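Listed below, chain by chain, are the residues.
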Amino acid sequence: MKGNEALAEAAILAGCDGYFGYPITPQSEIMEYLMAEQPMHRTGMVVLQAESEIASINMVYGGAGAGKRVMTSSSSPGISLMQEGISYLAGAELPCVIVNVVRGGPGLGTIQPAQSDYFQSVKGGGHGDYKMITLAPFSVQEMADFVALGFDLAFKYRIPVMILSDGAIGQMMEKVVLPVQRPRWTEQEIREMSPWATVGRTKDRHNNIITSLNLKSDVQEEHNRQLQAKYKTIIENEVRYEESYCEDAEVILIAYGTSARICQKAVDIARHQGIKLGLLRPISLFPFPEAALIKYAEKVKGFLSVEMSAGQMVEDIRLVVEGKTKVAHYGRMGGIVPTTDEIIENVKNLIN
Amino acid sequence: MSFETHKFNSHIAVPENLVYAKTPLMNDKPLSYCPGCGHGTIHRLIMETVEELDILEDTIGIAPVGCSVLAYEFMGTDVQQAAHGRACALATGISRLYPDKYVFTYQGDGDLAAIGTAETIHACNRGENIVIIFVNNGIYGMTGGQMAPTTLPGMKTSTSPFGREQKDAGYPLKMTELVAHLPGTYYVTRQSVHTPVNVRKAKKAIKKAFELTRHKKGVSFVELVSNCNSGWKMTPVDANKWMEENMFPFYPLGDIKVPSK
Ligand SMILES: Cc1ncc(C[n+]2csc(CCOP(=O)(O)OP(=O)(O)O)c2C)c(N)n1
Ligand code: SF4
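Residues numbered from 1 in each chain as written. Chains lettered and ligands numbered in written order. Predicted model: local features only at pLDDT ≥ 70, side-chain atom pairs only at ≥ 80, totals over all residues. Heavy atoms only, no water.

Undergrad: So what's going on with the pairing of strand β4 (residues 96-102) of chain A? Residues and values would help.
TA: Residues and elements named next belong to chain A. Most of β4 is tucked away, with seven of its seven residues classed as buried. Taken together, the four bridges between strand β3 (residues 70-74) and β4 define a ladder with parallel strand orientation. Note on β4: the bridge partner recorded for M71 is V97. Pairing of β4 with strand β6 (residues 160-166), which is carried by seven bridges, proceeds in the parallel orientation. Along β6, the bridge assignment pairs I98 with M162. (Buried < 20%, exposed > 50% of the residue type's maximum accessible area, 1.4 Å probe, protein only. Helix = DSSP H or I, 4+ residues; strand = E, 2+ residues; numbered from the N terminus. Pairing = 2+ DSSP bridges.)

Undergrad: Tell me about a negative patch on the surface, and name the residues and values.
TA: A cluster of acidic residues, D204 of chain A together with E51, D54 and E57 of chain B, forms a negative patch on the protein surface. Tracing the backbone shows E51 of chain B in helix α1 (residues 39-53). (Patch = residues over 30% accessible without salt bridge, like charges linked within 9 Å, V, L, I, M, F, W, Y side chains within 5 Å. Areas by Shrake-Rupley, 256 points an atom, 1.4 Å probe, with all protein chains shown as cover. Salt bridge = Lys/Arg side-chain N within 4 Å of Asp/Glu carboxyl O. Lys, Arg positive; Asp, Glu negative; His and termini not counted. Charge placed at Lys NZ, Arg CZ, Asp CG, Glu CD.)

Undergrad: Explain the pattern of salt bridges to me, and be specific about the residues and the numbers.
TA: For the coordinates displayed, the defined rule picks out 37 salt bridges over all chains. One salt bridge connects R42 of chain A with E9 of chain A, and the closest N-O pair in it is separated by 2.7 Å. Linking R42 of chain A in helix α3 (residues 39-42) with E9 of chain A in helix α1 (residues 3-13), this pair joins segments that are 33 residues apart in sequence. The class for R42 of chain A is partly exposed, based on a relative accessible area of 37%. Using a relative accessible area of 6% as the deciding quantity, one classes E9 of chain A as buried. Note that E51 of chain A is salt-bridged to R126 of chain B, the shortest N-O span being 2.8 Å. Residue E51 of chain A is found in the loop between β2 (46-49) and α4 (53-65), and its partner R126 of chain B is found in helix α5 (residues 117-126); the two belong to separate chains. Relative accessible area serves as the criterion here: at 15%, E51 of chain A is assigned to the buried category. One continuous salt-bridge network, built from bridges that share partners, spans R44, E48, E52, K203 and K207 of chain B.

Undergrad: Explain the site of ligand 1 residue by residue, including any values.
TA: Contacts to ligand 1 come from 17 residues, most closely from C67, D109, D111, G141 and M142 of chain B. Residues near ligand 1 are shared among chains A and B, making this a multi-chain site. Between ligand 1 and D111 of chain B there is a distance of 2.8 Å, counted from an oxygen atom to a backbone nitrogen or oxygen. N137 of chain B is positioned with one of its side-chain polar atoms (N or O) 3.1 Å from an oxygen atom of ligand 1. Elements that contribute at least two residues to the shell around ligand 1 include exactly α4 (109-115) and β5 (139-140) of chain B. Top contributing element to the shell around ligand 1 by residue count: α4 of chain B, with four residues. Residues belonging to the shell around ligand 1 are distributed by class as follows: six nonpolar, eight polar and three charged. (Near = heavy atom within 4 Å. Polar contact = N/O pair within 3.5 Å; in protein donor to acceptor, adjacent residues only side chain to side chain. Nonpolar A, V, L, I, M, F, W, Y, C, P; charged D, E, K, R; others polar.)

Undergrad: Could you give me a rundown of the side chain of R190 of chain B, with the residues and numbers involved?
TA: Residues and elements named next belong to chain B. Its place among the elements puts R190 in strand β7 (residues 185-192). A distance of 3.1 Å separates polar atoms of two side chains, one belonging to R190 and the other to E223. Within polar-contact distance, the side chain of R190 engages the backbone oxygen of P252 at 2.9 Å. If we skip the residues at most four places from it in the chain, R190 touches T176, E177, E223, V225, Y251, P252, L253, G254 and I256. (Contact = heavy atoms within 4.5 Å.)

Undergrad: An account of the nonpolar core is needed here, citing residue identities and associated values.
TA: With 127 residues, the main nonpolar core has M71, I98, I252, F303 and I317 of chain A together with F221 of chain B as its most contacted residues. For this core, the element with the most residues is helix α8 (residues 140-157) of chain A, which contributes 12 residues. A domain split of this core shows at least three residues from each of domain 1 (3-187) and domain 2 (241-351) of chain A. Discounting chain neighbours no more than four positions away, the residues touching F303 of chain A are I252, I254, L293, Y296, A297, I317, V321, T325, K326, V327, A328 and L350 of chain A. (Core = buried A, V, L, I, M, F, W, Y, C linked by side-chain atoms within 4.5 Å. Domains from an automatic or database assignment.)

Undergrad: Could you give me a rundown of α5 of chain B, with the residues and numbers involved?
TA: All names here are of chain B. Three or more residues of α5 are buried, namely E119, T120, A123 and C124. An end-on view of α5 places all buried positions within 125 degrees of arc, on one side of the element. Directly beyond the C-terminal end of α5, a positive phi value near 70 degrees is found at G127. (Arc of directions from axis to C-beta.)

Undergrad: Residues and numbers for the sheet that holds β7 of chain B, please.
TA: Remark on secondary structure: sheet strands pair via backbone hydrogen bonds, oriented parallel or antiparallel. Spatially, eight strands are ordered β7(A)-β2(B)-β1(B)-β3(B)-β4(B)-β8(B)-β7(B)-β9(B) in an open sheet, and the strand pairing comes out mixed. A strand with exactly one partner marks an edge of an open sheet, and here the two such strands are β7 (209-210) of chain A together with β9 (254-257) of chain B. The pairing of strand β4 (residues 131-136) of chain B with strand β8 (residues 219-225) of chain B spans six bridges and is classified as parallel. Along β8 of chain B, the bridge assignment pairs I132 of chain B with F221 of chain B. Docked against the sheet, α1 of chain B engages β1 (59-63), β3 (102-108), β4 and β8 of chain B, running at close to 175 degrees with respect to β3 of chain B. (Axes fitted to C-alpha atoms, helices over the stretch in contact; angles between N-to-C directions.)

Undergrad: Please give an account of the interface of chain A and chain B that cites residues and values.
TA: If you look at the interface, chain A gives 39 residues, while chain B gives 40 residues. Summing the contributions of chain A and of chain B, the shared interface buries around 3,100 Å²; its carbon and sulfur component is 56%. Three residues, E51, R201 and K203 of chain A, lead the burial of chain A against chain B; their summed loss comes to 23% of the area buried on that side. At the boundary of chain A with chain B, the tally comes to three salt bridges. (Buried area = accessible area lost by both parts, 1.4 Å probe.)

Undergrad: Describe the site of ligand 2, and please don't skip the residues or the numbers.
TA: Close to ligand 2 lie Y33, C34, C37, H39, C67, N137, G141, C228, N229 and S230 of chain B, which account for all nearby residues. Along the lines of polarity and charge, the residues of the shell around ligand 2 split into five nonpolar, five polar and no charged.

Everything listed is a geometric property; what it means functionally is a separate question.
Have a look at this one:
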């Protein structure tokens, strides 16, 4: 299956209640697949083509505020349009899944794959102090797996979850093992599990309100503190990463998504050449695998951040490493994917 | 039941003499609106409707950004507060996922007819099964009286200090007539709440709007031409008079589209 299609099918299987989106390359297959599949007849899932990404994200807000499992997907320019809505979702602490199949920018940029929306995803993107859990799939399998995981995390912490993919993973064909069908929640289950949701007021409770507004400064500051405390809990509990050949490595590549796939190859080739190269692949970009980086920072000659961007994640690596080892960056842009030769060349430069 | 019924402290206010009682669905909180403003009355009419139709368990409201941003403090229904202009998108999301619920938006003219024009038109055009309550006071109340798309020609506001000039600022937008043209709207009407007679008519219209969503034939759209005495810089009495003389000729009251039997 194609990455985008696997994600779409996984959404139906995850018991998703509603998908709201607007077409944009390279992720239009997600909505196309859903429309063709008619999940209304399979699970009762709603699929709606909105008039814009602004509308999509606000439909998601409405559905999320009413306790439903809802999602949207887009690519970079569309995700930029959603930022106000994402900030509101974070402020009102609403769970949802947002998929960004990244293409190169700035502006209309290119429809080719890129990883240049890292900052936008892990630093907030919209206004105000907030974070989203950000998951970076590097295979079609993970495109499928991260939908249910995303919903679980979103509801566990009442937070928007971003699946940060890229055009290459979205368009790639691979074998995939699909999960079993999860049931959609009934209204009664939603009332019990999400007592905060605006499903309609029953006589035994006060009215539920979904809002991000606090007119009093001290109340807003307290709300900000609670959000930060939540993010800290997430940092403590939800770091996900994968490492290979790191134990004895002289240099460790840090890469996620498509870059990580190429880095895997580069590690194999380098090892054959006698270079002790390892790979640490962050799966969650927020929370970032800080402890793992610190552990290896004392042992290696350096880290090389390989990204399809001008260098964004590298800044976070430097912040974590605090000068304990060399941190270099190698990146390509405009939809160009780094080659294994280029990566190994940069590793050699780092060692010397 | 956790609703508090109205507390009467006068000996005259005994049940036998009762001619009017506040619906328990209006929360017991002082309204944040300027004295004489129409928002409070319109809130009450919606809550009375929900109470009379006995649909509290199935009603979800959407508050806008505007003076009525705090509508959820006063209305006793479940309420979501939307980003500026996006109420119809929220309502679409909820209504699609809960097709049997009563979902209403409550929006000012800046919210519905400027920043939220696209969301409004498209929700109406898709024929969403929602009630849209549109409070048109011809001005941006919350941000201090700037020009709105509905501001009348020649009308002075803080961003049209010499009066709205059509050559610069274009024409006042008649959103209600505009959406009435769309096949996705089922019931479209324009009312006001500046006299007791008009309040009764507006109440009838709002109630009808909620009832008609049971047919699932599309949007019920109720515009309420209202005053903004602070923004217009008039006393409430003068504002109502000015509204009758200037707003109603341009925004005539009455039904614009009613479902055929
Ligand atoms: C994105 C965004 N832009 C601007 C504002 C500022 N703002 C708040 S309320 C408002 C106008 C509200 O006017 P209207 O909808 O007519 O409601 P009223 O206050 O008159 O009831 C504006 C421009 C905002 N909150 N968000
Ligand atoms: S500013 Fe205008 S719209 Fe706002 S509460 Fe006062 S009178 Fe009403």
